[in-house]
Amino acid sequence: MLCIKNNLDTGEISDDNLLPENSSTSSSSSAYIIGHNTDLSTEILLRLPLKSLLELKYVSKQWLSLISQPHFVRLHCLQNRPSINGLFLVKPSYGKIQEFEFIFLDGKHTEPVPIKTLAFVNDPAGLRVEQSCNGLLCCSSFQSHISKRIYYIYNPATKHYRMIPTSRMICSVSLAYDPLKSPHYKVIFIWKNDAVNYHMEIYSSETRSVRLSSCHLPASKCMFYTSGVFWNGSLHWIRLRNSSCYFDIDRDALKVMPMPQTIDGNNGLRVEYFGVCRGHMHLIQMYGTSMTHFDIFEMQSDYSGWTAKYSIDLEPLTYLYPQPVLDESVFSGEFLYRCRFSVLLVNEEEDSPSLVLQRALVSKD
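Residues numbered from 1 in each chain as written. Predicted model: local features only at pLDDT ≥ 70, side-chain atom pairs only at ≥ 80, totals over all residues. Heavy atoms only, no water.

## Things to note about the pairing of strand 7 (residues 170-177)
For step 1, the next point in the chain: With 8 of 8 residues buried, strand 7 lies mostly within the body of the structure.
For step 2, the next point in the chain: Strand direction decides the pairing type here: strand 7 and strand 8 (residues 185-192), joined by 7 bridges, are antiparallel. By the bridge assignment, serine 172 is partnered in strand 8 with isoleucine 190. (Buried < 20%, exposed > 50% of the residue type's maximum accessible area, 1.4 Å probe, protein only. Helix = DSSP H or I, 4+ residues; strand = E, 2+ residues; numbered from the N terminus. Pairing = 2+ DSSP bridges.)

Structure (structure tokens):
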């Protein structure tokens, strides 16, 4: 908590000296005191929602400077921990511009949709979201040659972006950003210069420079062709039935991550969900044809292992969404579908954890 002090003298601001001698000038004097006292302005601005702060940045240069300071950004994040208002779903498209559908999770359907398309920059090669992390989007000019792609880090809330050109054969790109710890982010590129050797480069928004990691990446780890999941200051990659790993960014070290014990005799193991929500990293694995019964695992902060936190049975939902039967005149015999639910988010609310599901129909053999 910041101390509220008057910068013009050594005494603290009290209710008494906030009142001007002439009551007719009360409003203007109070506005003057607030406007010229940084500590008092900070205390007031910290209590405002993000949307109001973005509007106030255009009121004065003083407020713009104050609201843009990394220290203020961190304090605001700590005092106003962001909630998950909704999810972006990418609409199927073969064009150069991705379109999004925003699914509200808090019931506030009157709020404007943050973005519908990636229109923050006119890139002739088109734009595609590669990954998101705590409010930032990592996008790429995906129709460019792989060695000439441009990567963009875009903040939909502020409409600001930064361009990061590359000249590498990039295998994957991952975004690391924790606004509760720092206003700066890092972008981790994994690339290869031959059929054997993989390398890692780290871009820092604080220094606006790229450094080559000294970390050795095993050539057999095909998992590095996907973006890592950022949690606990590290990027995480999953590999079924074998050792998974995580990259400690600050220590520049690749470490082994344990996996849940698999069930003997069960084939068709697959990862249904692997993600982070509110400081918790979750994993959902499924076996064979099972689509409605599964456990949700949570990783311990010391990486001692996964804990089965929830046991889920979605079978009752299949009765709410019965299997449709297509017209037999079109197909010879009855053609049934079974209902499948894809997990989009494990939402760790303190009082009421929930699952965000997407319904799909899968042909039944």
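Further notes follow.
## Observations concerning the packing of aromatic side chains
For step 1, the next point in the chain: Going through the model one piece at a time under the given rule, you end up with 11 aromatic pairs.
For step 2, the next point in the chain: Seen from their ring centres, tyrosine 152 and tyrosine 161 are 6.1 Å apart, and the 65 degrees between their planes marks the pair as edge-to-face.
For step 3, the next point in the chain: Judged by relative accessible area, tyrosine 152 falls into the buried class, the value being 3%.
For step 4, the next point in the chain: Between phenylalanine 224 and tryptophan 237, the ring centres sit 5.0 Å apart and the planes meet at 75 degrees, which makes this aromatic pair edge-to-face. Remark: tryptophan 237 occurs in strand 12 (residues 234-237) and phenylalanine 224 occurs in the loop between strand 10 (209-212) and strand 11 (229-231); sequence separation between them is 13 residues. Of the two residues, phenylalanine 224 and tryptophan 237, neither departs from the other in class, the shared state being buried. (Phe/Tyr/Trp six-rings, centres within 6.5 Å; stacked < 30°, edge-to-face > 60°.)

## Regarding the pairing of strand 9 (residues 198-204)
For step 1, the next point in the chain: Burial analysis of strand 9 places 6 of its 7 residues in the buried class, the great majority of the element.
For step 2, the next point in the chain: Bridge count between strand 9 and strand 10: 4 bridges; the pairing is antiparallel. By the bridge assignment, serine 204 is partnered in strand 10 with serine 209.
For step 3, the next point in the chain: Adjacent in sequence and paired antiparallel, strand 9 and strand 10 are bridged by 4 residues, among which arginine 208 carries a positive phi angle near 55 degrees.

## Some words on the pattern of salt bridges
For step 1, the next point in the chain: Inspection of the entire model under this criterion finds 9 salt bridges.
For step 2, the next point in the chain: The partner of lysine 255 in a salt bridge is aspartate 248, with the nearest N and O atoms 3.6 Å apart.
For step 3, the next point in the chain: By relative accessible area, which is 29% here, lysine 255 ends up partly exposed.
For step 4, the next point in the chain: Accessibility expressed as a relative area gives 9% for aspartate 248, which makes it buried.
For step 5, the next point in the chain: A cluster of three or more residues bridged by salt bridges with shared partners is formed by Asp248, Arg251 and Lys255. (Salt bridge = Lys/Arg side-chain N within 4 Å of Asp/Glu carboxyl O.)

## Some points on the packing of helix 3 (residues 38-45) against helix 5 (residues 61-68)
For step 1, the next point in the chain: In the contact formed by helix 3 and helix 5, the axes pass within 11 Å of each other and the chain directions differ by 65 degrees. Comparing their axes, helix 5 and helix 3 come out roughly perpendicular. Note that helix 3 runs across helix 5; the crossing there is right-handed. Across the interface between the two elements, Thr38, Ser41, Thr42 and Leu45 from helix 3 touch Trp63, Leu66 and Ile67 from helix 5.
For step 2, the next point in the chain: Residues of the contact of helix 3 with helix 5, tallied by class, amount to 4 nonpolar, 3 polar and no charged. (Axes fitted to C-alpha atoms, helices over the stretch in contact; angles between N-to-C directions. Parallel < 35°, antiparallel > 145°, perpendicular 65-115°, else oblique. Left-handed = near helix turned anticlockwise from the far one by under 90°. Contact = heavy atoms within 4.5 Å. Nonpolar A, V, L, I, M, F, W, Y, C, P; charged D, E, K, R; others polar.)

## So, the nonpolar core
For step 1, the next point in the chain: One finds Ile153, Leu175, Tyr185, Val187, Phe189, Ile190 and Trp237 to be the most contacted residues of the largest nonpolar core, which totals 32 residues.
For step 2, the next point in the chain: Looking at this core, the elements that each hand over two or more residues are strand 4 (136-140), strand 5 (150-155), strand 7, strand 8, strand 9, strand 12 and strand 13 (244-248).
For step 3, the next point in the chain: Each residue touching tryptophan 237, except ones within four places of it in the same chain, is listed here: Ser174, Ile190, Met223, Phe224, Thr226, Ser227, Gly228, Ser244, Cys245, Phe247 and Met257.
For step 4, the next point in the chain: In terms of nonpolar packing, the next biggest core, distinct from the first, is built from 14 residues, Ile284, Ile296, Leu345 and Val356 among them. (Core = buried A, V, L, I, M, F, W, Y, C linked by side-chain atoms within 4.5 Å.)

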